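The chain contents come next:
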Amino acid sequence: MAGEAQTVTGYIQHHLQNLVYGKLPAGYTREDGTLLSDGTWTIAQSSQEAADMGFWALHLDTLGWSIGLGLVFCLLFARAARRASSVVPTGFQSFVELIVDFIDRIVKDTFPYRNTMVAPMALTIFVWVFLMNFMDLIPVDWLPLAAAQISGNEHAFFKVVPTTDPNATLGMALAVFILMIFFSIKEKGLLGWIKELTLHPFHSGKWYVDIFLIPFNFLLEAVSLIAKPVSLGLRLFGNLYAGEMIFILIAIVFGTGVLGFIGASLMHMGWAIFHILVITLQAFVFMVLSVVYMSMAHDREEEHKHDQ
Amino acid sequence: MNITMTLIGQSITFLAFVWFCWKFVWPPLLTVMREREQKIADGLRDAERAHKDLQLAQRKATDELIAAKTKAAEIIDGANKRASQIVDEAKQAAHDEGDRLKIAAKAEIQQEVNRAKEQLRKRVAALSVAGAEKILAVNIDAKAHNDLIHKLAAEL
């Protein structure tokens, strides 16, 4: 717990606030009472300030941890790849190969087209998302308190699980969405892709009927298209956010006497063990869905069926 | 909880990591793994083949051994036969040679006897003539009495 004076609500809110760097407008009264004479790029001191910074702000903790963990993944795996030899694998190399083989099999099963990018993408998603989710298992106060100690600011915001930030999960989903559209257009051509969006699922074969079906088709297809990245990003965010929330609530119970401490310890352990499953599963689901979406982007079957 | 530029930053980061993995992590790892799979497959196949070869070689070796034993027995048999044959032949040859030598020796003896007889006869004839001359005190006309002498010599 971060101090006696803090209320439970304040504690929770503090834990759910990112470290935001953004621009505050001129004439803005800050949290500590100072009045800004002109627009300033600064770190938000409160949730209100963070909200007032609008869209053009960066979550330094989210980006920092996600890039850091991504680099950990890249460097470890690149090192394993560089040292790899086709003789008997040992230690870390066999671990890496186990994961690579696992991903390769899943991608081969779900993605029957020729695209060398999909399997590496799946590997990146799985390991990276897993690492980001894994931050959830580190006790909720350790890293924020360490950050507060290092920065000297007792109220410094620091959220260590990037996947509990919708920006991170939706950002990844957006990237998957961009790749989907890119490969759709690359595989089917722009016209083919537009046809897919407008002449499906309702298709009569007579142009004067089809013209009237286009708006309905497009509405349905657009919704299902947009729903893919949104559900992809929100699913991961929701699961991890809920998990983080429960960890925070359990952390509050720690401060409520001896009985509460023992109870909270058991609860924390139970939830953490359960969460090991959740973080792996969510990383896996995100990866499999991304591969499935790529597969749908490459799929021309639908078109041919309706051409007949 | 606000949607901010972080979203775009995260997208770019994501694509960058995917690109890195695509270019530097996945291909070498997969190449190595495929190579090893190939090696293992080859190794298993080789082992299988070696096993078959071994069995074949063992069977062949056994066959060869049996054949060699049979042949050795045959050779020994033949050698034994030939040895006894040679011994028999040698015996026969020795026997024959002995007989031959005996006959030759006999013949020579006979010849020697005959020659001695002849000589003796001649000497007796000469002695007879000389005795007769002395007795008759005359010279016997060799021509006139030749027949007589010869008759005498033949009688001796």
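Along each chain, numbering runs from 1 in the same order as the chain's sequence is written. Here the convention is simple: chains get letters from A, ligands get numbers from 1, in the order in which they are written. Local features in this predicted model are restricted to residues whose pLDDT is 70 or higher, and side-chain atom pairs enter the listing and the counts only when it is 80 or higher, whereas totals over whole chains, interfaces and linings include all residues. Hydrogens are left out, water is left out, and the side-chain values use all remaining heavy atoms of the structure.

So, on to the packing of helix 8 (residues 207–253) of chain A against helix 9 (residues 257–298) of chain A. All names here are of chain A. To get an axis, a line is fitted to the C-alpha atoms, and for a helix only the part in contact is used. The angle between two axes follows their N-to-C directions and goes from 0 to 180 degrees. Elements are defined by DSSP. Helices are runs of H or I of four residues or more, strands are runs of E of two residues or more, and each kind is numbered from the N terminus. As a packed pair, helix 8 and helix 9 sit with axes 9 Å apart at the nearest point and diverge in direction by 170 degrees. Of the possible angle classes, the one that applies to helix 8 and helix 9 is roughly antiparallel. Here the contact of helix 8 with helix 9 is built from residues that sort into 18 nonpolar, 9 polar and 2 charged. Each angle is binned into one of four classes, with values under 35 degrees roughly parallel, values over 145 roughly antiparallel, values of 65 to 115 roughly perpendicular, and all other values oblique. Residues are grouped as follows: Ala, Val, Leu, Ile, Met, Phe, Trp, Tyr, Cys and Pro are nonpolar; Asp, Glu, Lys and Arg are charged; all remaining types, including Gly, are polar.

As a further point, take the pairing of strand 1 (residues 20–24) of chain A. All names here are of chain A. Should DSSP find at least two bridges between two strands, the strands are regarded as paired. Pairing between strand 1 and strand 3 (residues 57–59): 3 bridges, direction antiparallel. When the bridges of strand 3 are listed, Val 20 appears paired with His 59. Note that strand 1 and strand 2 (residues 40–43) share 4 bridges and pair antiparallel. Paired with Lys 23 across the bridge in strand 2 is Trp 41.

All right, on to the interface of chain B and chain A then. The contact criterion used throughout is that any non-hydrogen atoms of two residues lie within 4.5 Å. On the chain A side, the residues contacting the 31 residues of chain B number 57 residues. Note on chain B versus chain A: buried area summed over both sides is about 4000 Å², and carbon and sulfur give 73% of it. Salt bridges are identified by distance alone: a Lys or Arg side-chain nitrogen within 4 Å of an Asp or Glu carboxyl oxygen. The salt bridge involving Glu 97 of chain A is made with Arg 36 of chain B; its shortest N-O contact spans 2.6 Å. Two N or O atoms form a polar contact when they lie within 3.5 Å of each other; inside protein one atom must be a possible hydrogen donor and the other a possible acceptor, and for residues adjacent in sequence the pair counts only when both atoms belong to side chains. Across the chain B-chain A interface, the total number found is 11 residue pairs in polar contact (both at pLDDT 80 or more). Its residues placed into classes, the side of chain B that touches chain A shows 20 nonpolar, 7 polar and 4 charged. Buried surface area refers to the total accessible area, computed with a probe of radius 1.4 Å, that the two partners give up upon joining, counted for both partners together.

Enumeration over the complete set of coordinates arrives at 12 salt bridges over all chains. Notably, a salt bridge pairs Asp 104 of chain A with Lys 108 of chain A, separated by 3.1 Å at the nearest N-O pair. Taken together, the residues span about one helical turn, with Asp 104 of chain A and Lys 108 of chain A both in helix 4 (residues 91–110) at a distance of 4 residues. The cut-offs for exposure are 20% and 50% of the maximum accessible area for each residue type, with area from a 1.4 Å probe on protein chains only; residues under the lower value are buried, those over the upper are exposed, and the others partly exposed. On the basis of relative accessible area, Asp 104 of chain A is assigned to the buried category, the value being 8%. Here Arg 34 of chain B ties to Asp 104 of chain A by a salt bridge, and the two come within 2.7 Å at their closest N and O atoms. Pair noted here: Arg 34 of chain B is in helix 1 (residues 6–136) and Asp 104 of chain A is in helix 4, and the two residues belong to different chains. Several salt bridges converge on common partners, so that one network encompasses Asp 104 and Lys 108 of chain A together with Arg 34 and Glu 37 of chain B.

Its 17 residues place the ends of helix 5 (residues 118–134) of chain A 24 Å apart at the C-alpha level, agreeing with the 24 Å of an ideal helix rising 1.5 Å per residue. Where burial is concerned, most of helix 5 of chain A is hidden: 14 out of the 17 residues are buried. Helices are assigned an expected span. That span is 1.5 Å times one less than the residue count.

Residue and element names in this part refer to chain A. Counting through the fold element by element, His 268 comes out in helix 9. Between the C-alpha atoms of His 268 and Leu 131, which are 137 residues apart in sequence, the distance is 20 Å. Not counting residues up to four positions away in its chain, the partners in contact with His 268 are Phe 247, Ile 250 and Phe 254.

This brings us to the sheet that holds strand 2 of chain A. Residue and element names in this part refer to chain A. The strand order across the open sheet formed by 3 strands is 2-1-3, and the pairing between neighbours is antiparallel. If you trace the sheet from one side to the other, it starts and ends with strand 2 and strand 3, each paired once. On average, each strand axis in the sheet is inclined to that of its neighbour by 20 degrees, with strand direction left out of account.

Working definition: a ring pair exists when centres of Phe, Tyr or Trp rings (six-membered ring for Trp) sit within 6.5 Å. Plane angles under 30 degrees give stacked, over 60 give edge-to-face, the rest tilted. Counted according to the given criterion, the structure contains 19 aromatic pairs over all chains. Through a chain of ring-to-ring contacts, the aromatic side chains of Phe 102, Phe 126 and Phe 284 of chain A assemble into a single cluster. Counting as a charge over the ring demands two things of the Lys NZ or Arg CZ atom: a distance within 6 Å of the ring centre and an angle within 35 degrees of the ring normal. The lysine or arginine in question, Lys 23 of chain B, covers the ring of Trp 22 of chain B, its NZ or CZ lying 4.4 Å from the ring centre.

Moving on to the confidence of the model for chain B. Residue-level confidence of the predictor is summarised by pLDDT, bounded by 0 at the bottom and 100 at the top. For chain B, the average pLDDT comes to 89, and 93% of its residues sit at 70 or higher. Model confidence for the complex is summarised by a pTM of 0.76, with the ipTM given as 0.88.

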